[in-house]
Amino acid sequence: MMLDLRPASDAYGPSLLSKGARTLDDAGQVNVLVSDEHVGKDVCVVVYAPGAPSDVRAKLNTRIEG
């Protein structure tokens, strides 16, 4: 599965991660670095199947804290 960070208003929009979506490990974990420009903004964390970024399996709207 893949994890991505997208605009809160568009779970199917472009990635906000500088290097794009990340692959979840076998334990379902991943580390990501979020740019300071997103601190204080609402975002959507999405999980989707590899190779199918519009096949969102889970999503969570949250705010990036600094």
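Here's what I pulled together on the structure shown here. (Residues numbered from 1 in each chain as written. Predicted model: local features only at pLDDT ≥ 70, side-chain atom pairs only at ≥ 80, totals over all residues. Heavy atoms only, no water.)

### Some remarks on the nonpolar core
Membership of the largest hydrophobic core is limited to six residues, which are Met2, Ala11, Cys44, Val46, Tyr48 and Val56. Here the element with the most residues in this core is strand β3 (residues 42–48); it accounts for three residues. Beyond its immediate sequence surroundings of up to four residues, Tyr48 is in contact with Met1, Met2, Asp4, Arg6, Ala21, Pro53, Asp55, Val56 and Arg57. (Core = buried A, V, L, I, M, F, W, Y, C linked by side-chain atoms within 4.5 Å. Buried < 20%, exposed > 50% of the residue type's maximum accessible area, 1.4 Å probe, protein only. Helix = DSSP H or I, 4+ residues; strand = E, 2+ residues; numbered from the N terminus. Contact = heavy atoms within 4.5 Å.)

### Some details on the environment of His38
Within the secondary structure, His38 is located in the loop between β2 (22–23) and β3. Note on His38: relative accessible area 9%, which makes it buried. In this structure, the C-alpha to C-alpha distance between His38 and Pro7, residues 31 residues apart in sequence, is 9.7 Å. Not counting chain neighbours up to four residues away, the residues in contact with His38 comprise Leu16 and Ile64.

### With respect to the side chain of Arg6
Tracing the backbone shows Arg6 in strand β1 (residues 2–7). Excluding residues within four positions of it along the chain, Arg6 makes contact with Ala11, Tyr12, Gly13, Pro14, Ser15, Leu16, Val43, Cys44, Val46, Tyr48, Pro53 and Val56.

### Notes on the sheet that holds strand β4 (residues 56–63)
Read from one edge to the other, the open sheet built from four strands follows the order β2-β1-β3-β4, with strand pairing classed as antiparallel. At either end of the open sheet lies a strand with only one pairing partner, and these are β2 and β4. As defined by bridge partners, β1 adjoins β3 across six bridges and the pair is classed as antiparallel. Opposite Pro7, over in β3, you have Val43 as the bridge partner. (Pairing = 2+ DSSP bridges.)

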